[in-house]
Amino acid sequence: MTSSSDRSLAVDVPAPKSYEIRTYGCQMNVHDSERLSGLLEDAGYVRAPEGSDGDADVVVFNTCAVRENADNRLYGNLGRLAPKKASRPGMQIAVGGCLAQKDRDTIVKKAPWVDVVFGTHNIGKLPILLERARVQEEAQVEIAESLEAFPSTLPTRRESAYAAWVSISVGCNNTCTFCIVPALRGKEKDRRTGDILAEIEALVGEGVSEITLLGQNVNAYGSDIGDREAFSKLLRACGTIEGLERVRFTSPHPRDFTDDVIAAMAETPNVMPQLHMPLQSGSDTVLKAMRRSYRQERYLKIIENVRAAIPHAAITTDIIVGFPGETEEDFEQTLHVVREARFAQAFTFQYSKRPGTPAATMEDQIPKAVVQARYERLVALQEEISWEENKKQVGRTLELMVAEGEGRKDGATHRLSGRAADNRLVHFTKPDQEVRPGDVVTVEITYAAPHHLLAEGQVLDVRRTRAGDAWEKRTADKAAKPAGVMLGLPTVGAPAPLPVATGSGCGSA
């Protein structure tokens, strides 16, 4: 029985507020969303359950300005949330990312129910801006014009236990005519090498075994300090970190892709034989109009040099079809490069105007029907090449890092999925013994499709790893927590599988 004195001491503890983050665009935005999650959890928020669909106390949109109809998509989603917000006192909506940096006050004018608008340079201010909007009961719009602090200093809620993004630079010094990213992310700012390596070592200490070095123009790293070989030195330094099994990077620019980087890739065992290098166009005329500082011959020479040093390298790319002024002859040059380069995959995009870019006001905009027809021809050619290149993998014995959530049909087919060293996706027969995400298995490839491989026989070997241990511990910790309660501490994590469709802008140097 509770006494009156006990009752007088009873205090109702309010439930922590929940949050949901919706991410659009490139790898930089994905990694920024990990930081936004870390910031909110440090401030006492808890992540809303999967599929909450706007039922959280705080909904954050991390936007992209380079995707087609990005603004229409944002305002459509905001419009669908307006009735929910009206019926839920205290609910807040925040908009950040590249579109927020570009549109600023326009967002609140078009969607006055938005509480916070913040930019790409001040993501660390989100919790403060939410609290200020709550107290002052009015929208807070704060867009910094330059980077306030390197984002990697912020708390981060990693999305996986076995792989992680590590940002080495932000911004871009290029002036591609189709891309608005330099105006929104600013000039390139490099992170100190010691800080990068310290973060990687800390991640490895927590169980991470694969990292992806991330930057808008990743191989221009070192431009701040005038060291043209800084990126190759960084790759080699990653090779000395014990326990780091796989190193990847995205996205490099052909202009800055030098022989010392190729040598570092070939000579550093944990740097994976995989390269995502945007082409954008195979026509010298179009490349010049795009203000891309390389030409077809230079691009194909890089491919040749990479393959000479790393014979089994899988090379992927981005291509834009229908850039203003592109003739049939220009397009045929793109098809020529695709045939010569024999990309494992190509992420192809139909050009569309991006307000604020020089290309948007160029003459000779290509009719939609012509762009569509060229796009379909390019996709058909690349599908054929991808399938032929994958068929070459049949009969090979490969080591796979077991992945989480990459095989949508795995449950029905009794398979698991993993990534080969060259980043090809492989579905393999589930072995009798337990295999965890982050563990490594050895399989023989028996079948090839254009976008994946199959290993239908028995798994040849299973190697349990510290990354698998980390995944298992995190899974157990989640299961042990009361529903809806999180500790608010940053965890180790993973990027989405590469290459991500980077589009014609952010992350697509």
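Just above, that's the structure.
Residues numbered from 1 in each chain as written. Predicted model: local features only at pLDDT ≥ 70, side-chain atom pairs only at ≥ 80, totals over all residues. Heavy atoms only, no water.

**A short note on helix H13 (residues 328-341)**
Stage number 1. The end-to-end C-alpha distance of H13 is 20 Å, a good match for the 20 Å that 14 residues give at a rise of 1.5 Å each.
Stage number 2. Taken together, the buried positions of H13 are Asp-330, Phe-331, Thr-334, Leu-335, Val-337, Val-338 and Ala-341. The arc enclosing the buried residues of H13, seen along the axis, measures out at 155°, which places them on a common side.
Stage number 3. Buried residues belonging to H13 abut helix H11 (284-290), helix H12 (296-309), strand S13 (314-321) and helix H14 (368-391).
Stage number 4. Following H13 by one or two positions, Arg-342 adopts a phi angle in the positive range, close to 50°. (Helix = DSSP H or I, 4+ residues; strand = E, 2+ residues; numbered from the N terminus. Expected span 1.5 Å × (residues − 1). Buried < 20%, exposed > 50% of the residue type's maximum accessible area, 1.4 Å probe, protein only. Arc of directions from axis to C-beta. Contact = heavy atoms within 4.5 Å.)

**As for the sheet that holds strand S7 (residues 163-167)**
Note: strands within a sheet are paired through backbone hydrogen bonds, in either parallel or antiparallel orientation.
Stage number 1. Strand order in this open sheet of 3 strands is S7-S10-S11, and the pairing throughout is parallel. Across the chains shown, the open sheet's two edge strands, defined by having one partner strand only, are S7 and strand S11 (246-250). Averaged over all pairs of adjacent strands, the angle between their axes in this sheet comes to 25°, without regard to strand direction.
Stage number 2. On top of the sheet, helix H2 (residues 27-42) reaches S7, strand S10 (210-214) and S11; it is set at about 100° to S7, its chief contact. (Pairing = 2+ DSSP bridges. Axes fitted to C-alpha atoms, helices over the stretch in contact; angles between N-to-C directions.)

**Quick notes on the pairing of strand S15 (residues 397-402)**
Stage number 1. With 5 bridges joining them, S15 and strand S18 (residues 440-444) adopt antiparallel strand pairing. Bridged to Leu-398 within S18 is Val-443.

**Here's the deal with the pattern of salt bridges**
Stage number 1. Taken as a whole, this structure holds 31 salt bridges when the rule is applied.
Stage number 2. Salt bridges sharing partners connect three or more residues here, namely Glu-434, Arg-436, Asp-439, Arg-464, Asp-469 and Glu-472. (Salt bridge = Lys/Arg side-chain N within 4 Å of Asp/Glu carboxyl O.)

**Digging into the nonpolar core**
Stage number 1. Leu-78, Ile-200, Leu-213, Leu-235 and Phe-257 are the most contacted members of the largest nonpolar core, which totals 92 residues.
Stage number 2. Sorting elements by how many residues they give to this core places helix H9 (residues 230-238) first, with 6 residues.
Stage number 3. The residues touching Phe-257, leaving out its near neighbours within four places in the chain, are Asn-219, Phe-249, Pro-252, Ile-262, Met-265, Leu-275, Met-277, Arg-298, Ile-302 and Val-306. (Core = buried A, V, L, I, M, F, W, Y, C linked by side-chain atoms within 4.5 Å.)

**Side note on the environment of Phe-231**
Stage number 1. Turning to its location among the elements, Phe-231 is positioned in helix H9.
Stage number 2. For Phe-231 and Tyr-221, which are 10 residues apart along the polypeptide, the C-alpha to C-alpha distance reads 5.5 Å.
Stage number 3. Excluding residues within four positions of it along the chain, Phe-231 makes contact with Ile-168, Leu-213, Val-218, Asn-219, Tyr-221, Phe-249 and Val-261.

**Comments concerning the sheet that holds strand S2 (residues 46-47)**
Stage number 1. What the 6 strands build is an open sheet, ordered S2-S1-S3-S4-S5-S6; its pairing is parallel. Taken across any chain shown, the strands that pair with only one partner, and hence form the sheet edges, are S2 and strand S6 (140-142).
Stage number 2. The pairing of strand S1 (residues 18-23) with strand S3 (residues 58-63) spans 5 bridges and is classified as parallel. What sits directly across from Ile-21, in S3, is Val-60.

**Quick notes on the environment of Ile-180**
Stage number 1. Within the element layout of this structure, Ile-180 appears in the loop between strand S8 (169-170) and helix H7 (181-185).
Stage number 2. Assessed through its relative accessible area of 8%, Ile-180 is described here as buried.
Stage number 3. Ile-180 sits 82 residues away from Cys-98 along the chain, and the two C-alpha atoms are 9.1 Å apart.
Stage number 4. Apart from the residues within four sequence positions on either side, Ile-180 is in contact with Ala-65, Val-66, Lys-102, Pro-355, Gly-356 and Thr-357.

**Considering the packing of aromatic side chains**
The description of an aromatic ring pair uses the distance of the two centres, along with the angle that the planes make with each other.
Stage number 1. By the definition in use, this model includes 4 aromatic pairs.
Stage number 2. Relative to Phe-249, the ring of Phe-231 has its centre 5.1 Å away and its plane inclined at 80°; by these criteria the two rings are edge-to-face. Of this pair, Phe-231 sits in helix H9 while Phe-249 sits in strand S11, placing them 18 residues apart in sequence. Grouping residues by exposure puts Phe-231 and Phe-249 together as buried.
Stage number 3. Look at Phe-323 and Tyr-351: their rings are 5.5 Å apart centre to centre, the planes differ by 70°, and that puts the pair in the edge-to-face class. Taken as a pair, Phe-323 in the loop between S13 and H13 and Tyr-351 in the loop between strand S14 (345-350) and H14 lie far apart in primary sequence, 28 residues in all.
Stage number 4. Linked through ring pairs, Tyr-294, Tyr-299 and Phe-343 together constitute an aromatic cluster.
Stage number 5. A cation over a ring is seen here: Lys-391 above Trp-387, with NZ or CZ 4.4 Å from the ring centre. (Phe/Tyr/Trp six-rings, centres within 6.5 Å; stacked < 30°, edge-to-face > 60°. Lys NZ or Arg CZ within 6 Å of the ring centre and 35° of its normal.)

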